[in-house]
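Below are the chains, spelled out letter by letter.
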Amino acid sequence: MRGAGKVASWDKTQYMEQRLEDKLEGGVYRGRKVICRDSPIDGGVYIGAGEREAIVVDSKKYNEIKKLYKKAREKALVGVVTKDVAKGLVLNAVYNTVKEAMKYDKDAVNGLINICNSGTDGKIALDVFIKNKVGVCRHMALACGALLELFRKDGYIRGKASIDRNTINGGHAWCRYTNSGGEVFILDVAQDYIGRLEKAENWNYRRPDEQKND
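Residues numbered from 1 in each chain as written. Predicted model: local features only at pLDDT ≥ 70, side-chain atom pairs only at ≥ 80, totals over all residues. Heavy atoms only, no water.

> Looking at this structure, I do not really get the nonpolar core. What am I missing?
Residues Leu142, Leu148, Phe151 and Leu187 are the most contacted members of the largest nonpolar core, which totals 48 residues. Of all the secondary-structure elements, those providing two or more residues to this core are helix H2 (64-75), helix H3 (90-101), helix H4 (106-115), helix H5 (126-131), helix H6 (137-153), strand E11 (160-167), strand E12 (171-178) and strand E13 (184-188). Those residues within four positions of Phe151 in sequence are excluded, and the remaining contacts are Tyr69, Ala72, Arg73, Ala76, Val85, Val90, Val94, Tyr156 and Ile157. Formed by 11 residues, the second largest nonpolar core is a distinct cluster that contains Ile168, Trp174, Tyr193 and Leu197. (Core = buried A, V, L, I, M, F, W, Y, C linked by side-chain atoms within 4.5 Å. Buried < 20%, exposed > 50% of the residue type's maximum accessible area, 1.4 Å probe, protein only. Helix = DSSP H or I, 4+ residues; strand = E, 2+ residues; numbered from the N terminus. Contact = heavy atoms within 4.5 Å.)

What follows is the structure, encoded as structure tokens:
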């Protein structure tokens, strides 16, 4: 997937809301808040613009995200004795932890969805994919976002994570992180990119209000 200079469509969430209008109430789907741009991630459910699995992210109920968080914290430690988490190491720690934990494998993902019979908006935990060490862009993005929220919850960072998605000759999802100073970073494990928004050349990650008017 490439498309840094191409026009992107940002209406996937709107399509999802229209498609499931009779099943959504106040942004809640089957007891969980729907994950969308700038919404909380941990505790929510991520639903497709088209019919597919509904991914539940819940570090309190399930264990795999917590295991990843432990690994990410270890990567972000500075000092053998003090074992303090270094704020400046958190983003790379999260990105590398997810990259090591999940292989991009669309066939394996579809196999898990079929086994769990969740392909028609059925709920399936993100932990299922983490445990089986596979995912595609949406699973990797959710894992990054959940880990960043846990780092924030524990007071190591003050910024905000978001799961963003758009369409450029096919849909794509990634994790966006805005630090406490307003700087925006992209964590896109599926496309091997971590860095500042303005430096990205592999995809058009800019939101509609950030598009350049050349």
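> What should I look at first to understand the sheet that holds E12 in this one?
Neighbouring strands of a sheet are bound in pairs by backbone hydrogen bonds; such pairs are parallel or else antiparallel. Read across the sheet, four strands follow the order E11-E12-E13-E14 without closing on themselves; strand pairing throughout is antiparallel. Bordering the open sheet on either side are E11 and strand E14 (193-196), each of which pairs with just one other strand. Across the sheet, the mean angle separating the axes of adjacent strands is 25° when strand polarity is ignored. Relative to E12, E11 is paired through eight bridges, and the arrangement is antiparallel. Each bridged residue has a counterpart across the sheet, and for Asp164 the counterpart in E12 is Trp174. Sitting on the sheet, helix H1 (residues 12-19) touches E11 and E12, and the angle it makes with E11 is about 85°. Across the face of the sheet, H6 comes into contact with E11, E12 and E13 while running at roughly 15° to E12. (Pairing = 2+ DSSP bridges. Axes fitted to C-alpha atoms, helices over the stretch in contact; angles between N-to-C directions.)

> Just checking my understanding: could you explain the side chain of Arg165 for this structure?
Topologically, Arg165 is positioned in strand E11. Buried and unpaired, Arg165 has Glu17 as its nearest opposite-charge partner, separated by 7.8 Å. Within polar-contact distance, the side chain of Arg165 engages the side chain of Thr13 at 3.4 Å. Engagement of the side chain of Arg165 in a polar contact is seen with the backbone oxygen of Ile47, the distance being 2.9 Å. Contacts of Arg165, omitting those with residues within four sequence positions, involve Trp10, Lys12, Thr13, Met16, Tyr46, Ile47, Gly48, Ala49, Arg52, His172, Ala173 and Trp174. (Lys, Arg positive; Asp, Glu negative; His and termini not counted. Salt bridge = Lys/Arg side-chain N within 4 Å of Asp/Glu carboxyl O. Polar contact = N/O pair within 3.5 Å; in protein donor to acceptor, adjacent residues only side chain to side chain.)

> Is there a simple way to think about H3 in this case?
Because an α-helix packs 3.6 residues into every turn, residues spaced three or four apart end up facing the same way. Relative to the 16 Å expected for 12 residues at 1.5 Å per residue, H3 spans 16 Å between its end C-alpha atoms, a close match to the ideal helical length. Listing the buried residues of H3 in full gives Val90, Leu91, Ala93, Val94, Tyr95, Thr97, Val98 and Ala101. (Expected span 1.5 Å × (residues − 1).)

> Could you clarify how one ought to interpret the pairing of E11 in this entry?
Residues in a regular strand point their side chains to alternate faces of the sheet. Of all eight residues in E11, six are buried, a share of seventy percent or more. Linkage of E11 to E12, two consecutive antiparallel strands, is achieved through a turn of three residues, within which Asn169 is found at a positive phi near 55°.

> Got a minute to help me understand the sheet that holds strand E1 (residues 24-25) in this structure?
Judged by pairing direction, the sheet is antiparallel, and its three strands sit side by side in the order E1-E2-E3 without closing on themselves. Across the chains shown, the open sheet's two edge strands, defined by having one partner strand only, are E1 and strand E3 (32-33). Pairing geometry for strand E2 (residues 28-29) and E3, over two bridges, is antiparallel. Each bridged residue has a counterpart across the sheet, and for Tyr29 the counterpart in E3 is Arg32.

> Just checking my understanding: could you explain the packing of H2 against H6 for this structure?
A pair of packed helices is captured by two measures, namely the crossing angle of their axes and the spacing between those axes. It is at 10 Å that the axes of H2 and H6 come closest, and there the two elements cross at 65°. In terms of axis orientation, H2 runs roughly perpendicular to H6. The crossing of H2 and H6 is right-handed. Residues Ile65, Leu68, Tyr69, Ala72 and Arg73 of H2 form the contact with H6, whose own contacting residues are Ala146, Leu147, Leu150 and Phe151. (Parallel < 35°, antiparallel > 145°, perpendicular 65-115°, else oblique. Left-handed = near helix turned anticlockwise from the far one by under 90°.)

> Hey, could you run me through a positive patch on the surface in this one?
Together, Lys23, Arg30, Lys61 and Lys123 give the surface a local cluster of positive charge. Secondary-structure assignment places Lys123 in strand E9 (residues 123-125). Since its relative accessible area comes to 32%, Lys123 is described here as partly exposed. (Patch = residues over 30% accessible without salt bridge, like charges linked within 9 Å, V, L, I, M, F, W, Y side chains within 5 Å. Areas by Shrake-Rupley, 256 points an atom, 1.4 Å probe, with all protein chains shown as cover. Charge placed at Lys NZ, Arg CZ, Asp CG, Glu CD.)

> What should I look at first to understand H2 in this one?
The end-to-end C-alpha separation of H2 is 17 Å, in line with the 16 Å expected for 12 residues at 1.5 Å each. Regarding H2, the residues found buried are Glu64, Ile65, Leu68, Tyr69 and Ala72. Buried residues of H2, viewed axially, fall in a sector of 140°; they line one side. Looking at the buried residues of H2, the elements they touch are H3, H5 and H6. (Arc of directions from axis to C-beta.)

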